[in-house]
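# Fold and contact review
Chain by chain, the residues:
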Amino acid sequence: MPTGGFVFPEGFLIGASTSAHQIEGNNVNSDWWAFEHRPGSPVREPSGDAVDGYHRWRQDLDLLRDLGFTAYRFSVEWARIEPQPGHVSRAALEHYRRVIEGARERGIEPVVTLHHFTSPRWFTGFGGWAAPQATERFAAYAAAVAPILDGAVRYAATVNEPNMVALMHTLIRKGGADTDFARLEPDDDLSAGLIGAHHAAREVLRAACPDLRVGWTVANQVYQPEPGAEDACRAHAWPREDRFLEAARGDDWIGVQSYTRTRVAADGPLPVPEEADKTLTGWEYYPAALGQAVRHTAGVVGPDVPILVTENGIATDDDDRRIAYTGAALAGLADAMREGADVRAYLHWSALDNYEWGSYRPTFGLVAVDRTTFARTPKPSARWLGAIARDRRLPAGPGGEE
Ligand code: BGC
């Protein structure tokens, strides 16, 4: 490779992502909080104060700006904005309006997700995504959020990882514990409900906010067939991933979220081999996943839907390994872009060490957080990625391109 590395196009955004439940703390009106605290809950560790992001957002935005980042993805919390059906909290909306304005004032592009895994208790109580009212309720929520997005936000996502939401709710229906998650197929009514709600909310947002581009963000598993298992792999991937990508064909953008790969044999997905290099979540260390996820997504949604990488990262205690993983992932992204993929942003997961859905142990953050004082300490990876954001240039060599 020639030296000099890869220069991301002008306007390309580089930043980091979070979600409300994982950073804000005390999201008491959400179905996840109820799930964490119900008797016999399978959740090992409840979210509690999380990292007090609800109160410390100014400090977090200052940090991201000082590090050099040009974008920040976060979610607004439905359970705070609409604590009872039809009752919209103006105070909660104003809070998020301040966060959006705060990002803009610091030169940071806000990328806003409306739903990141958590719903108000009442929504889940009447049947969640499969209920007949789901589409209408979610569209009404989108209409309530629209005024704080209009003129201030360019990219909004309706639902984060609808494919994972469908799987998680299928798992809950089946009673959890004994179910083999890797082979679980999402129930059709849940997937269809999510797709219908996405399309309805997209139209509401487009009508209310002329400059807003609306999409959703899909978990990409990078399904890889074993020799001879191509058909089985395609059949496995459709209900778990491609169905949700196909539903994005009329969207304004699509979010790619990629961490690792899944190998699929004729009789189903293979477990990660014992000897494989793994991360703190037990996933295979496989940074090449990102470039492959981008190529696959572009192939399904077609050339007219631009891509934002809305999540990519690694759970590790070893920050050098985070830099190595991210450098290799970005090199794969650069290759996909050289081949023509229309990618507009790279948002690392995660800005902060945060609540990883049942435990604080898997640390994905560029910034460490002391769980007692909530003090934030940027890791070397934060400065490394911030420099890339500032220069829009991925250097050649270690931690960059091969
Ligand atoms: C989710 C995040 C999560 C991350 C790492 C994605 O599935 O959107 O909420 O923390 O992956 O597991």
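Please read these numbers as outputs of a predicted model, since none were measured by experiment.

## With respect to the overall build of the protein chain
Looking only at helices and strands, one finds 13 helices and 15 strands in the protein chain. Taking the principal axes of its C-alpha atoms as reference, the protein chain extends roughly 60 × 50 × 45 Å. If you take every contact in the protein chain between residues at least 6 apart in sequence, the share linking residues at least 24 apart comes to 79%. Side-chain charges of the protein chain comprise 41 positive and 55 negative groups, with the mean position of each set lying 4 Å from the other.

## What about the site of the ligand?
The environment of the ligand is made up of 13 residues, and the closest members are Gln22, His116, Glu161, Glu311 and Glu356. Contact between the ligand and Glu311: an oxygen atom at 2.8 Å from a side-chain N or O atom of the residue. Contact distances for the ligand include 2.5 Å between an oxygen atom and a side-chain N or O atom of Glu356. Here the ligand has 310 Å² of accessible area as a free molecule, and 93% of this is covered by the chains.

## Quick word on the nonpolar core
Core analysis: the biggest nonpolar cluster contains 113 residues, and Phe8, Trp129, Leu149, Val294 and Leu333 have the highest contact counts within it. One finds Val111, Tyr155, Ala157 and Leu347 within the second-largest nonpolar core, a separate group that totals 9 residues.

## Side note on the sheet that holds strand β7 (residues 223-225)
Strand order in the open sheet made by the 3 strands is β7-β9-β10, with mixed pairing throughout. Since the sheet does not close on itself, it has two edges, and those belong to β7 and β10 (268-269), each with one partner. The pairing of strand β9 (residues 262-265) with β10 spans 2 bridges and is classified as antiparallel. Directly across from Val264, in β10, lies its bridge partner Pro269. Together, β7, β9 and β10 form the strand contacts of helix α10 (residues 230-246), whose direction differs from that of β7 by roughly 165 degrees.

## Quick look at the layout of surface pockets
Here the second largest pocket is characterised by a volume of approximately 270 Å³. In terms of lining, the second largest pocket is formed by 15 residues, of which the most central are Val222, Tyr223, Gln224, Pro225 and His296. When residues of the lining of the second largest pocket are traced back to their parent elements, those giving at least two are β7, α10 and α11 (289-301). Ranked by residues supplied to the lining of the second largest pocket, first place goes to α10 with 6 residues. For the lining of the second largest pocket, the class distribution of residues is 6 nonpolar, 4 polar and 5 charged.

## Some points on unusual backbone geometry
Trp349 connects to Ser350 through a cis peptide bond whose omega is 15 degrees. Within the secondary structure, Ser350 is located in the loop between β12 (343-349) and β13 (367-369). Within the chain, Val222 stands out as a residue other than glycine whose phi angle is a positive 45 degrees. Note that Val222 resides in the loop between β6 (213-220) and β7. Among the residues examined, Val222 registers a relative accessible area of 9% and is labelled buried.

Here is what the cut-offs are and how they apply
- Residues numbered from 1 in each chain as written.
- Predicted model: local features only at pLDDT ≥ 70, side-chain atom pairs only at ≥ 80, totals over all residues.
- Heavy atoms only, no water.
- Helix = DSSP H or I, 4+ residues; strand = E, 2+ residues; numbered from the N terminus.
- Contact = heavy atoms within 4.5 Å.
- Lys, Arg positive; Asp, Glu negative; His and termini not counted.
- Charge placed at Lys NZ, Arg CZ, Asp CG, Glu CD.
- Near = heavy atom within 4 Å.
- Polar contact = N/O pair within 3.5 Å; in protein donor to acceptor, adjacent residues only side chain to side chain.
- Areas by Shrake-Rupley, 256 points an atom, 1.4 Å probe, with all protein chains shown as cover.
- Core = buried A, V, L, I, M, F, W, Y, C linked by side-chain atoms within 4.5 Å.
- Buried < 20%, exposed > 50% of the residue type's maximum accessible area, 1.4 Å probe, protein only.
- Pairing = 2+ DSSP bridges.
- Axes fitted to C-alpha atoms, helices over the stretch in contact; angles between N-to-C directions.
- 1 Å grid on protein atoms, 1.4 Å probe; cavity = no way out; pocket = protein on both sides within 12 Å on 5 of 7 lines; lining within 4 Å.
- Points joined across faces, edges and corners; volume = space filled by probe spheres on them.
- Nonpolar A, V, L, I, M, F, W, Y, C, P; charged D, E, K, R; others polar.

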